[in-house]
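Chain by chain, the residues:
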Amino acid sequence: QALDPVRQAGVCGILPKPFTTKQLSRALDTTIDYLAAEHGEVIDFRAEELRVLLVDDDPHMRRVIAQELMADERTMLVAQAGSVREGRKAIKQHEFDVLLVDLNLGDGEGFELIDYLKSNRPSAEAIVISIMENDDQVLHAFELGATGYLVKNSWFGNYPQAVLQVANGGASITPHLARRLLQRLRGNCGERDAKACVPEKLSERERDILRHVANGYTSQEISQRLEIALLTVNTHVRNIYRKLQVR
């Protein structure tokens, strides 16, 4: 209640100085929870169409995805490419919000385009669309800055919804990938105690959410179990991805 007048002035919280890294982490978690509660579980931050660049060397897959994107009034397909060379040219020439990119392209790998994207259009997001979910490929894609990974043969959602979720601050993660991320974070600790090292990478809330996902809980179930907004869960997952990025 003491914070109500401050919040009315546009401030979400107060953090006295000096403060520790742990206190700052908790303050950020509280702020995320507060904003999510104020705005609801789903926030559409965009008033305009979401611009998408599609890169896939399979003409049939490009046609399927393109039809879905063009049929949804919330998304706009600005360009298509079928190779790394064409993809680089399209990234440089077009203004867009989300890159949908296949990993296996005729003249190279989609990783090259994700890396090129982050150097040339850092505000744009990248979603991988791949025929398989190889652990090393998934982790490498997220390390480079991808915020989504869709497996073609097992993806039953619609592509416009996937890109909108990422553009509005969400991110997707599977239980298998969550377990791999936990293992990777612990592996980075070297000879130090894994449990003592994980908190240095992730906040308490992020670690808790990652463990819930690793145990098979959906974002909605985690939201209910932790009594936080669904948007908050997605935001924390996104922050986990960011902390794994190499740049």
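The shown structure was predicted, so the numbers you read here are calculated from the model rather than taken from an experiment.

A.B. asks: Can you walk me through the overall build of the chain in this structure?
C.D. replies: Tallying secondary structure elements over the chain gives twelve helices and seven strands in all. For the chain, buried positions account for 46% of its 247 residues. Taking the intrachain contacts of the chain between residues at least 6 apart in sequence as the baseline, contacts between residues at least 24 apart amount to 67%. Of the roughly 13200 Å² that the chain leaves accessible, carbon and sulfur atoms contribute 48%.

A.B. asks: Help me out: how do you make sense of helix α10 (residues 204–214) in this one?
C.D. replies: Residues that lie three or four places apart on an α-helix share one face, since the helix turns once every 3.6 residues. Those residues of α10 not exposed but buried are Glu 206, Arg 207, Ile 209, Leu 210, His 212, Val 213 and Ala 214. Positive backbone phi, approximately 100 degrees, marks Gly 216, located one or two places after α10.

A.B. asks: It is not clear to me how the sheet that holds strand β3 (residues 98–102) should be interpreted in this structure. Could you clarify?
C.D. replies: Strands sit in the order β2-β1-β3-β6-β7 across an open sheet of five strands; the sheet is parallel. With partners counted over all chains shown, the strands left at the sheet margins are β2 (75–81) and β7 (148–151), one partner each. Shown here is a sheet whose adjacent strand axes are inclined to one another by a mean of 20 degrees, direction ignored. Where strand β6 (residues 125–130) and β7 come together, four bridges link them in parallel fashion. If you follow Ile 127 over to β7, its bridge partner there is Gly 148.

A.B. asks: Is there a simple way to explain unusual backbone geometry in this structure?
C.D. replies: Note on backbone geometry: most residues besides glycine have negative phi, and most peptide bonds are trans. You will see that Glu 227, though not glycine, has its phi angle at about 55 degrees, which is positive. Structurally, Glu 227 is set in the loop between α11 (219–226) and α12 (230–244).

A.B. asks: Honestly, the pattern of salt bridges in this entry has me stumped. Any pointers?
C.D. replies: Side chains that differ in charge, positive against negative, can pair when their charged atoms come close. Per the counting criterion, the structure on display carries three salt bridges. A salt bridge links Asp 72 to Arg 74, with the shortest nitrogen-to-oxygen separation between them at 2.8 Å.

A.B. asks: I tried to follow the pairing of strand β1 (residues 50–55) on my own but got confused; where do I start?
C.D. replies: Residues in a regular strand project their side chains so that they alternate between the two faces of the sheet. Of all six residues in β1, five are buried; the element is thus mostly enclosed. Inspection of the sheet shows β1 paired to β2 by six bridges, in the parallel sense. Along β2, the bridge assignment pairs Leu 53 with Ala 79. After leaving β1, the chain enters helix α3 (residues 59–71) and then returns to the sheet as β2, a path that is right-handed. The sheet contact formed by β1 and β3 spans four bridges and is parallel. By the bridge assignment, Val 52 is partnered in β3 with Val 98.

The rules behind these values
- Residues numbered from 1 in each chain as written.
- Predicted model: local features only at pLDDT ≥ 70, side-chain atom pairs only at ≥ 80, totals over all residues.
- Heavy atoms only, no water.
- Helix = DSSP H or I, 4+ residues; strand = E, 2+ residues; numbered from the N terminus.
- Buried < 20%, exposed > 50% of the residue type's maximum accessible area, 1.4 Å probe, protein only.
- Contact = heavy atoms within 4.5 Å.
- Areas by Shrake-Rupley, 256 points an atom, 1.4 Å probe, with all protein chains shown as cover.
- Pairing = 2+ DSSP bridges.
- Axes fitted to C-alpha atoms, helices over the stretch in contact; angles between N-to-C directions.
- Salt bridge = Lys/Arg side-chain N within 4 Å of Asp/Glu carboxyl O.
- Right-handed = clockwise from strand over helix to strand, strands pointing away.

Geometric values such as these leave the question of function open.
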